[in-house]
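Spelled out, the chains give:
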Amino acid sequence: MSAPLHLAVALDGAGWHPAAWREPDARPTDLFTADYWAHLVREAEAGLVDLVTIEDAIGLQSDDFDAQDDRVDRVRGRLDAVLIAARVAPLTRHVGLVPTATVTHTEPFHVSKAIATLDYVSSGRGGVRVQVSGKAHEAAHFGRRTIPPFRYQDVLALNAGQAPELATLFSDLFDEAADYVEVLRRLWDSWEDDAEIRDAATGRFVDRDKLHYVDFAGRFFRVKGPSITPRPPQGQPPVAALAHATIPYRLAARSADVVFVTPSDVGAARAILAEVRAEQSAAGRGSETLHVFADVVVFLDESPRAAADRAARLDDRAGETFTSDALVFTGTPSGLADLLQEWHAAGISGFRLRPATVPHDLTAITRGLVPELQRRDLFRRGYEAPTLRGLLGLPRPANRYAEATS
Amino acid sequence: MTGKQVHLAAHFPGVNNTTVWSDPAAGSHIEFDSFVHLARTAERAKFDFFFLAEGLRLREQGGQIYDLDVVGRPDTFTVLAALAAVTERIGLTGTINSTFNEPYEVARQFASLDHLSAGRAGWNVVTSWDAFTGENFRRGGFLPESERYTRAKQFLATATELFDSWRGDEIVADADRGVFLADPNAGAFAHTDDHFDISGRFNVPRSPQGRPVILQAGDSDAGREFAAATADAIFSRHGTREAGQAFYADVKGRLAKYGRTPDQLLVLPAATFVLGDTDADAQEKAGEVRRLQVSGQTAIKFAEQLWNTDLSGYDPDGPLPDVDPVVGENTIARGRASVRMFRDPIAVANQWRALAAEKNLSLREVVIEVTGRQNFIGSAATVAEQINTLVQADASDGFILVPHLTPGGLDEFADTVVPLLQERGVFRTEYEGTTLRDHLGLGPLP
Ligand SMILES: Cc1cc2nc3c(=O)[nH]c(=O)nc-3n(C[C@H](O)[C@H](O)[C@H](O)COP(=O)(O)O)c2cc1C
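All values derive from a computational prediction rather than experimental measurement.

*Asks:* How should I be thinking about the packing of helix α13 (residues 380-392) of chain B against helix α14 (residues 411-423) of chain B in this particular structure?
*Replies:* Geometry of a packed helix pair, given as the angle between the helix axes and the separation of the axes. Residue and element names in this part refer to chain B. The contact between α13 and α14 brings their axes to 9 Å, and the two run at 55°. Considered as vectors, α13 and α14 are oriented oblique to each other. For the crossing formed where α13 meets α14, the hand is right-handed. Contacts from A380, A381, V383, A384, I387 and N388 in α13 reach F413, T416, V417, L420 and L421 in α14. Grouping the constituent residues of the contact of α13 with α14 by class yields nine nonpolar, two polar and no charged.

The following block contains the structure:
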């Protein structure tokens, strides 16, 4: 297989279409049970995908960009994604587990040990998607800082190079996120791999010279360290970020192992790749692997017509046409394989597919798309590595502190 | 013969000198398999719950990380969620501090754990407040000691409001009508007090237990009041008969003023045990375990925590230091609970000296005497009798057992002591309910 592509499945509620929960095969009353998530993640694993992501947020879902809505016709409520990932870890063996964590309002010390522990309970399959919260109403859930409200139009203006006040706010939020990831990573390295010595002769359980204060001091916060949790099995669980524009590309380029991007076509994919790679070089990480995964929402059926009809039926039920930040693909698994192949040839290393409805579009991925990609020699036929880093072709990293002392 | 039912829980061995890591049978304190082993053993024995302690900074002594005990532990929520996948009934209880966290986040983690475990979550609310631990947290600026329980009370009150912000009947998921939520305001909350000023919508629907079972561990008067007002169970260190009975009477006596009855707050002391084929075997084994728990170096370090000065020049097999402890802020040991127990170090040192003189003990032997006494030593029959006697005598409602070995330290207890308690009719032979509240016999939420 020349250049295999990577596949991720993005799990969120009953699927990404707002009417997904009303489908006959949906299980909307089970969304808050472990069994529901175990089924989905096992299905993804049956499709040999690299990883699943689990969406999360620090507030209730809302269709309003900058406020809490009071809609009753959509899925509302969700469980903590790190806990869902941990809950399904012992029930799966190969698939990577990448929950979302909000970095704006949480403590890097807590999240660092949570992801390290996810890595332990999954024997090296943990990762994390870091997410910034810029929403005023989510800040009110913590009451420790205020974030000024802004509208979606303001974000578009920002992306077009206008709205300087918002640029400052966004840069600060993403700089803070970069510091946060730096702290996560330092804490994961704060124990060398062989720090636990159990030396009965000297009575020492650990070699304290192999434990390190991270002594992080940045613009936004300080953290002392070391972690209370030893270095996780992968050393550094992969860090992912979703990015739509320059400021978040910069965060990903500085800090992440995987960036999820949202090109609308292959030309946009090339342009995004160029920008991400330029930021990566500027961050001094040109020689490191930074996977660029394209996000695609998928409606998959046996004919393009059937997929389009189903999408239309769902839109009808929702009372509006579904739109997304990512490309919405409506068609057959084979048609999707064509698209993935083309984008892959343009330099996109993997894809994060967002099933419009589950289980329908999830099983279409695992039982339709995956065999099709395998026929084209573009996807694995079995899990070839025991860790998520292994699946992503990332080596187990050296410990920064061990390097410094040896 | 039957009587008051005994409650039992299993404490995962960890960061303290109770845990004997040098035993050849000692396994990992971090690998998930160890947690699975202990939790499954406890579940096989029909224990009420599995318990995790917490510490948010590595302990230090003399300016260096303390290296003689087990160091390192996993994240509480993550381990408990994973354990929910490999157990079915046992309660999953975690210690989570109310100073270094925020109510919205902790409430959603516990509500999530309760969903993912089908109603088995428990929260031991602890209040360590020190700036030393605070250095690990971005928000800095931690609490004066005097405010630790004010914050804890308000934290728990706020979390409870969040838990109650969903009544449990909102999700109708009527696909035909397109109504997912019956109530457009599900999860709405607004809370203002000295410590928190928060509002919005809580995003986890009501969990099977409504809220986690609440445990409290803290010994001061303020701690006992906090427990009496709000907790379902109290994790104490008073496991002997006299101290247990005094504590039991004290905390149960505080309930009435909060409109609560004595059965609404269980008293569960920490307890260690050593089993043998005969009582004599067990006594001998217990002596060995104590010497492994308190090496000469451990004894010196422990004495330094009291003396608040460097004692590395002293011989652990010699007499106690002839100087008095340094009174005032403890600069020698940081992040250690024991330090906070020595409120009057000179008086404690004098007690130690009296003990040494009376029994002709070395420094190490004194430390062995005064620290972590084994509560239950003997054959299975003896230990079952001791446990039941203490419970029937209202020294406790049961025990949180702290094995000294990871992860097999509960195996023998499960196989030998539990059946004897069951024969006496004082311990369940099957789980009767499915939730932790059920196991603790707590009845519906107030
Ligand atoms: C039996 C027992 C167990 C405790 N376990 C923990 C623990 O695991 N983590 C922690 O931070 N504090 C723990 N504590 C400390 C208390 O929660 C509390 O922070 C401290 O003792 C201050 O409260 P107090 O003055 O009322 O005792 C424990 C206390 C007791 C009595």
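*Asks:* Can you help me understand the site of the ligand in this one?
*Replies:* Residues and elements named next belong to chain B. For the ligand, the set of nearby residues contains 18 residues, the closest of which are E54, R148, Y149, A217 and S220. In the environment of the ligand, an oxygen atom lies 2.9 Å from a nitrogen or oxygen atom belonging to the side chain of S128. One of the side-chain N or O atoms of S220 is found 2.4 Å from an oxygen atom in the ligand. Considering the ligand on its own, with 610 Å² of exposed area, one finds that the protein chains cover 88% of that surface. Of all the secondary-structure elements, those providing two or more residues to the shell around the ligand are α5 (148-163) and β12 (233-236). Of the residues assigned to the shell around the ligand, the class counts are six nonpolar, seven polar and five charged.

*Asks:* Explain the sheet that holds strand β1 (residues 7-11) of chain B here, please?
*Replies:* The strands that make up a sheet are held in pairs by hydrogen bonds between backbone atoms, and each pair lies either parallel or antiparallel. Residue and element names in this part refer to chain B. The eight strands are arranged β1-β2-β5-β6-β11-β12-β13-β17 in a closed barrel whose pairing can be described as parallel. Here the strands of the sheet are splayed against their neighbours by 30° on average, with no regard to which way each runs. This element, helix α2 (residues 76-86), spans β2 (49-52) and β5 (91-97) of the sheet and lies at about 175° to β5. Strand contacts of helix α6 (residues 221-230): β6 (121-126), β11 (213-216) and β12, with the helix running at about 165° to β11, the strand carrying the most contacts.

*Asks:* Looking at this structure, how should I read helix α7 (residues 246-255) of chain A?
*Replies:* Residue pairs spaced three or four apart in an α-helix point in one direction, given the helix's 3.6 residues per turn. Residue and element names in this part refer to chain A. Among the ten residues in α7, seven count as buried, and that is most of the element. Buried within α7 we find I247, P248, Y249, L251, A252, A253 and S255. Along its buried surface, α7 packs onto α6 (164-189), β9 (239-242), β10 (258-261) and α8 (266-282).

*Asks:* Can you walk me through the interface of chain A and chain B in this structure?
*Replies:* Facing 79 residues of chain A, the contacting portion of chain B comprises 75 residues. Contact between chain A and chain B buries roughly 6,500 Å² in total, counting both sides, with carbon and sulfur atoms accounting for 60%. Considering only the surface of chain A that becomes buried against chain B, A:L83, A:R208 and A:I228 emerge as the three largest contributors, covering 11% of it. Our count for the chain A to chain B interface comes out at seven salt bridges. Linking chain A to chain B there are 39 residue pairs in polar contact (both at pLDDT 80 or more). Elements represented by at least two residues in the side of chain A that touches chain B include exactly α2 (81-88), α3 (108-121), α6, β5 (196-199), β6 (204-206) and β8 (222-223) of chain A. In the side of chain A that touches chain B, the residues fall into 38 nonpolar, 18 polar and 23 charged.

*Asks:* For this particular structure, what's the right way to read the nonpolar core?
*Replies:* One broad rule of soluble globular proteins: the nonpolar side chains tend to lie buried together. Grouped together as the largest cluster of nonpolar side chains are 162 residues, with contacts concentrated most on A:L7, B:F47, B:F50, B:L83, B:W123 and B:F413. It is α2(B) that contributes the most residues to this core, nine residues altogether. Core analysis: the next-biggest nonpolar cluster, separate from the first, contains 54 residues, A:V82, A:I115, A:L187 and B:I65 among them.

*Asks:* Would you take a moment to explain the pairing of β10(A) for this structure?
*Replies:* Residues and elements named next belong to chain A. Side chains V258 and F260 project from β10 onto one buried face, and the interleaved V259 and V261 project onto a second face that is buried too. Two strands pair when backbone bridges link them, and β9 and β10 are joined in this way by three bridges, in the parallel orientation. Within β10, the position partnered with A241 by the bridge is V259. In this view, the connection linking β10 to its parallel neighbour strand β11 (residues 291-300) by way of α8 has right-handed handedness.

*Asks:* Honestly, the side chain of A:R185 in this entry has me stumped. Any pointers?
*Replies:* Residue and element names in this part refer to chain A. Within the secondary structure, R185 is located in helix α6. Look at R185 and you get buried, because its relative accessible area is 11%. A polar contact of 2.8 Å, which involves the side chain of R185, links it to the backbone oxygen of S255. Residue contacts for R185: discarding those within four places in its chain leaves Q236, V239, S255, A256, D257 and R400.

*Asks:* Can you help me understand the packing of aromatic side chains in this one?
*Replies:* Any aromatic ring pair is given by two values, namely how distant the centres are and how the planes are angled relative to each other. All names here are of chain A. Using the criterion set out here, one finds 30 aromatic pairs over all chains in the structure. Ring geometry for F65 and F150: centres 6.0 Å apart, planes at 55°, overall tilted. Of this pair, F65 sits in the loop between β2 (51-54) and α2 while F150 sits in the loop between α4 (136-139) and α5 (152-159), and the two are 85 residues apart along the sequence. Here F150 falls in the buried class, since its relative accessible area comes to 7%. Aromatic ring contacts, followed pair by pair, group F65, F150, Y152, F170 and F174 into a single cluster. K135 extends its terminal NZ or CZ atom over the ring of F65, reaching a point 5.0 Å from the ring centre. The lysine or arginine in question, K224, covers the ring of Y213, its NZ or CZ lying 4.8 Å from the ring centre.

Calculation criteria
Residues numbered from 1 in each chain as written. Chains lettered and ligands numbered in written order. Predicted model: local features only at pLDDT ≥ 70, side-chain atom pairs only at ≥ 80, totals over all residues. Heavy atoms only, no water. Axes fitted to C-alpha atoms, helices over the stretch in contact; angles between N-to-C directions. Helix = DSSP H or I, 4+ residues; strand = E, 2+ residues; numbered from the N terminus. Parallel < 35°, antiparallel > 145°, perpendicular 65-115°, else oblique. Left-handed = near helix turned anticlockwise from the far one by under 90°. Contact = heavy atoms within 4.5 Å. Nonpolar A, V, L, I, M, F, W, Y, C, P; charged D, E, K, R; others polar. Near = heavy atom within 4 Å. Polar contact = N/O pair within 3.5 Å; in protein donor to acceptor, adjacent residues only side chain to side chain. Areas by Shrake-Rupley, 256 points an atom, 1.4 Å probe, with all protein chains shown as cover. Pairing = 2+ DSSP bridges. Buried < 20%, exposed > 50% of the residue type's maximum accessible area, 1.4 Å probe, protein only. Buried area = accessible area lost by both parts, 1.4 Å probe. Salt bridge = Lys/Arg side-chain N within 4 Å of Asp/Glu carboxyl O. Core = buried A, V, L, I, M, F, W, Y, C linked by side-chain atoms within 4.5 Å. Right-handed = clockwise from strand over helix to strand, strands pointing away. Phe/Tyr/Trp six-rings, centres within 6.5 Å; stacked < 30°, edge-to-face > 60°. Lys NZ or Arg CZ within 6 Å of the ring centre and 35° of its normal.

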